[in-house]
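Here is what each chain is made of, one letter per residue.
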Amino acid sequence: GAPALSLYSPSDPLTVLQADTLERSIFNSSSAWVVEFYASWCGHCIHFAPTWRALANDIQEWRPALRLGVLDCAEASSQKVCSEFGITGFPTLKFFKAFSRRPDEGIRLFHSDDGIDKLRHSIITSVERHEDVWPPACPPLEPTSLAEVRGFFQANNVTYLALIFEKADSFMGREVILDMLQYENIAVRRVLSSDEEMVKKYDVATFPSAYLLTSNGSCSRIPVHLEERSFYTFFLRRLPDIVRGTSYNLTVIPDTEPRTTPTPWRVADSSKLYMADLESVLHYTLRVEVARFSDLRGERLTALKRYVSVLAKYFPARPSVRNVLRNLNRWLRGVKERDLPYSAVEAVLRNKKEVPNARLMNRTIWVGCQGSQSQFRGYPCSLWLLFHLLTVQATLPKGQNASPLEVLSAMREYVRFFFGCRDCAEHFEGMAAESMDKVKSRDEAVVWLWSRHNRVNARIAGTTSEDPKFPKLQWPPPSMCPACHKKFNGQQVWDEGAVLSFFKAHFSPSNIYLDYIP
Ligand code: FAD
């Protein structure tokens, strides 16, 4: 069977949150929290996971002033809470001040894959936004002054005071302050290079540099090889009488056991399509992705209408599913309001009016799109299949009066307004903006989507989001369609006419197996 693995494990120094532990953990907590809301199927989340894990390791000593958490919004049990927290794309990072109480108090942080420094800096800047209620375990982060230093050992019962002299835009001082927060008998403060009094008193000429003051009145420059955070921290932690405090209670609400049970391996023939994948993508788009927007309006509402209209027109559905799609499409066309609550869409999907024989399954069952582990394939795989199928179905006579861009535009808007993998959506929009308007016929629409999908395959082949059991190939491979490949000037090239014929056969209703659907 496929083992259900999440992107993070309990041995990472972060809290793996679940729907029922998220609010209990972060609300009214004496720690500030940064939570990564991700979707395990999202390739960019898979790429980002090592960065987030490295950050968690890097700042684990900042607990309990600050804690990191992760929540997988792809879990069916988390979808409601993710929508309450306003998560519409993945990954989303949110900072919650200590003693936050509501989902909307989360402050969005921007992620970058280029290392953890920027993330660490933006976390510090966020911690500094605490005004009246400071996290109790967090030492002061603002620069100190001569007045404070003069009276320091009278006011504080510690043996050491370390001073980090630095320029105003440096984060190093604050990082060392946070790195040392679990240690007793020492305090760390930063001093700005613009503080002339202090710079003069300690005769400081190098920024950054650090000085150690003791309660018996001594003062010396901290001798380090490099004026760097880790060198300072290493030195300070090894001073005599410096120990990690015992009062730091790092216990958190225990993680509940992962509830995902391994799914049985479903045997699939790669030359076939499976209705289970196709109905799963209908369920996931309409009940999960669209549901992240509690209010549908403007271009997003138009995008939904277009999407449902191409589904109703071209999806080769079983009768019970066709009734759902037609019913939803008819209803959406009648919606004249500019604003639509998602709950109204959901009521139609639930078939409240009891249209006879209208049913869409309420979960996902991956067959041709099943991955060897739960984070691979699944939803994005089925979204590609769906749109390839729709572009091919639109070449049939029922599509003859429509614009050649009918299906591609619906896809472009769906991806732009609803697809949770936001980096994927940006890349796709880039490709669409570049050449989609050159498509002049329904056949060209099929070929356009085929070649863009192959570009994506080429771009992400060999990255960590690739299922090792399903390597990204230029598709269809010669074993599937020998005629698609030809030689030109000694080089392997595509025969686009053959590709088009292959698509028309492959993405046809007669090639869809009904195995595994309830
Ligand atoms: P998929 O690429 O999902 O393909 C599904 C199935 O389609 C394959 O198993 C094969 O049978 C068939 N197929 C393969 N190639 C073609 C083709 N050229 N034409 C027709 N059928 C084909 N992931 C990222 O990491 N970065 C991105 O920028 C990114 N952008 C995406 C944009 C969109 C619009 C979508 C829908 C997904 C995107 N993804 C991206 C996800 C990624 O493309 C895959 O969907 C995902 O990694 C799962 O891969 P898979 O092995 O199931 O095959």
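Rules of the game
- Residues numbered from 1 in each chain as written.
- Predicted model: local features only at pLDDT ≥ 70, side-chain atom pairs only at ≥ 80, totals over all residues.
- Heavy atoms only, no water.
- Helix = DSSP H or I, 4+ residues; strand = E, 2+ residues; numbered from the N terminus.
- Buried < 20%, exposed > 50% of the residue type's maximum accessible area, 1.4 Å probe, protein only.
- Areas by Shrake-Rupley, 256 points an atom, 1.4 Å probe, with all protein chains shown as cover.
- Lys, Arg positive; Asp, Glu negative; His and termini not counted.
- Charge placed at Lys NZ, Arg CZ, Asp CG, Glu CD.
- Pairing = 2+ DSSP bridges.
- Axes fitted to C-alpha atoms, helices over the stretch in contact; angles between N-to-C directions.
- Contact = heavy atoms within 4.5 Å.
- Disulfide = S-S within 2.5 Å.
- Patch = residues over 30% accessible without salt bridge, like charges linked within 9 Å, V, L, I, M, F, W, Y side chains within 5 Å.
- Salt bridge = Lys/Arg side-chain N within 4 Å of Asp/Glu carboxyl O.
- Near = heavy atom within 4 Å.
- Polar contact = N/O pair within 3.5 Å; in protein donor to acceptor, adjacent residues only side chain to side chain.
- Phe/Tyr/Trp six-rings, centres within 6.5 Å; stacked < 30°, edge-to-face > 60°.
- Lys NZ or Arg CZ within 6 Å of the ring centre and 35° of its normal.
- pLDDT = per-residue confidence, 0-100.
- Parallel < 35°, antiparallel > 145°, perpendicular 65-115°, else oblique.
- Left-handed = near helix turned anticlockwise from the far one by under 90°.
- Nonpolar A, V, L, I, M, F, W, Y, C, P; charged D, E, K, R; others polar.

Concerning the overall build of the protein chain
Piece 1. When helices and strands are counted, the protein chain shows 18 helices and 17 strands.
Piece 2. Counting over 518 residues, the protein chain shows a buried share of 52%.
Piece 3. When the accessible surface of the protein chain is split by element, carbon and sulfur atoms take 51% of a total near 24300 Å².
Piece 4. If the 63 positive side-chain charges of the protein chain are averaged to one point and the 57 negative ones to another, these points end up 8 Å apart.

A look at the sheet that holds strand S2 (residues 32-38)
Piece 1. Ordered by their spatial adjacency, five strands build an open sheet running S1-S3-S2-S4-S5, and the pairing between neighbours is mixed. Bordering the open sheet on either side are strand S1 (15-17) and strand S5 (107-109), each of which pairs with just one other strand. In this sheet, neighbouring strand axes are inclined to one another by 30° on average, regardless of whether the strands run parallel or antiparallel.
Piece 2. Lying on the sheet, helix H1 (residues 19-26) is in contact with S1, S2, strand S3 (66-72) and strand S4 (92-96); it crosses S2 at an angle near 160°.
Piece 3. This element, helix H4 (residues 117-127), spans S2, S3, S4 and S5 of the sheet and lies at about 30° to S4.

What about the state of the cysteines?
Piece 1. Tallied over the entire structure, the rule returns four disulfides.
Piece 2. Here Cys 73 is linked by a disulfide to Cys 82, with a sulfur-sulfur distance of 2.2 Å. In this structure, the disulfide formed by Cys 73 and Cys 82 twists by about -90° around the S-S bond and is classed as left-handed.
Piece 3. Here Cys 82 falls in the buried class, since its relative accessible area comes to 3%.
Piece 4. Residue pairing for Cys 421: its cysteine sulfur links by disulfide to Cys 424, the two sulfurs lying 2.3 Å apart. Here the S-S torsion is close to 60°, and the disulfide linking Cys 421 with Cys 424 is therefore right-handed.
Piece 5. A relative accessible area of 1% means that Cys 421 is categorised as buried.
Piece 6. According to the relative accessible area criterion, Cys 424 is partly exposed, its value standing at 26%.
Piece 7. Cysteine pairing for the protein chain (bonded cysteines numbered in sequence order): 1-2, 3-4, 5-6, 7-8.

Considerations on a nonpolar patch on the surface
Piece 1. On the surface, Trp 265, Val 267, Phe 470 and Tyr 516 cluster together into a nonpolar patch covering about 400 Å² of accessible area.
Piece 2. Locating Val 267 in the fold gives a position in the loop between strand S11 (243-244) and strand S12 (273-274).
Piece 3. With a relative accessible area of 60%, Val 267 lands in the exposed category.

Quick look at the sheet that holds strand S10 (residues 219-221)
Piece 1. Strand order in the open sheet formed by four strands is S8-S6-S9-S10, and the pairing between neighbours is mixed. Unpaired on one side and paired on the other, strand S8 (186-192) and S10 mark the two borders of the sheet. Across the sheet, the mean angle separating the axes of adjacent strands is 20° when strand polarity is ignored.
Piece 2. Pairing geometry for strand S6 (residues 160-166) and strand S9 (residues 209-214), over six bridges, is antiparallel. The partner of Leu 161 across the bridge, within S9, is Leu 213.
Piece 3. Against the sheet, helix H9 (residues 229-237) makes contact with S6, S8 and S9, and its axis sits at roughly 15° relative to S9, the strand it touches most.

Things to note about the site of the ligand
Piece 1. The full set close to the ligand counts 26 residues, and Arg 377, Trp 384, His 453, Asn 454 and Lys 472 are the nearest of them.
Piece 2. Between the ligand and His 388 there is a distance of 3.3 Å, counted from a nitrogen atom to a side-chain nitrogen or oxygen.
Piece 3. Between the ligand and Lys 472, the relevant distance is 2.8 Å, taken from an oxygen atom to a side-chain nitrogen or oxygen of the residue.
Piece 4. Here the ligand, which alone exposes 940 Å², has 93% of that area covered by the protein.

Structural notes on the packing of aromatic side chains
Piece 1. In the structure shown here, the tally under the stated rule is 27 aromatic pairs.
Piece 2. Here the aromatic rings of Trp 41 and Phe 419 are separated by 5.7 Å at their centres, their planes lie at 15°, and the arrangement is stacked. Within this pair, whereas Trp 41 is found in the loop between S2 and helix H2 (43-58), its partner Phe 419 is found in the loop between helix H15 (406-417) and helix H16 (422-435), the two being separated by 378 residues in sequence.
Piece 3. Its relative accessible area of 8% is what places Phe 419 among the buried residues.
Piece 4. Between Trp 450 and Trp 494, the aromatic rings sit 5.0 Å apart at their centres with planes inclined by 90°, giving edge-to-face as the arrangement. Within this pair, whereas Trp 450 is found in helix H17 (residues 442-460), its partner Trp 494 is found in strand S16 (residues 491-494), the two being separated by 44 residues in sequence.
Piece 5. For Trp 450, a relative accessible area of 3% puts it in the buried group.
Piece 6. On the basis of relative accessibility, which here comes to 25%, the residue Trp 494 falls in the partly exposed class.
Piece 7. Following the ring pairs from residue to residue traces out a cluster consisting of Trp 41, Phe 90, Tyr 284, Tyr 379 and Phe 419.
Piece 8. A cation over a ring is seen here: Arg 238 above Phe 234, with NZ or CZ 3.7 Å from the ring centre.

Description of the pattern of salt bridges
Piece 1. The full count for this structure, using the stated rule, is 24 salt bridges.
Piece 2. Among the salt bridges present, the one from Asp 12 reaches Arg 53, with a minimum N-O distance of 3.2 Å. Of this pair, Asp 12 sits in the segment before S1 while Arg 53 is found in helix H2, placing the two residues 41 residues apart along the sequence.
Piece 3. Looking at Asp 12, the relative accessible area reads 12%, which means it is buried.
Piece 4. Judged by its relative accessible area of 24%, Arg 53 is partly exposed.
Piece 5. Measuring nitrogen to oxygen at the nearest pair gives 2.9 Å for the salt bridge that ties Arg 102 to Asp 104.
Piece 6. Residues joined by salt bridges that share partners form a network here, namely Asp 58, Asp 117, Arg 120, Glu 175, Asp 179 and Arg 229.

What to know about the confidence of the model for the protein chain
Piece 1. Taken as a whole, the protein chain shows an average pLDDT of 93; of its residues, 96% reach a score of 70 or greater.
Piece 2. Across residues 251-258, where pLDDT falls below 50, the model places 14 contacts with residues more than four positions away in sequence or in other chains.
Piece 3. For this predicted complex, the interface confidence comes out at an ipTM of 0.99, alongside a pTM of 0.81.

Quick look at the packing of helix H11 (residues 298-314) against helix H14 (residues 379-393)
Piece 1. Between H11 and H14, whose axes approach to 10 Å, the crossing angle comes to 60°. The angle between the axes of H11 and H14 places the two elements in the oblique class. Pair H11 / H14 crosses with left-handed handedness. Facing H11, whose interface residues are Tyr 307, Val 310, Leu 311 and Tyr 314, H14 presents Leu 386, Phe 387, Leu 390 and Gln 393.
Piece 2. Each residue belonging to the contact of H11 with H14 can be placed in one class, and the counts come to seven nonpolar, one polar and no charged.

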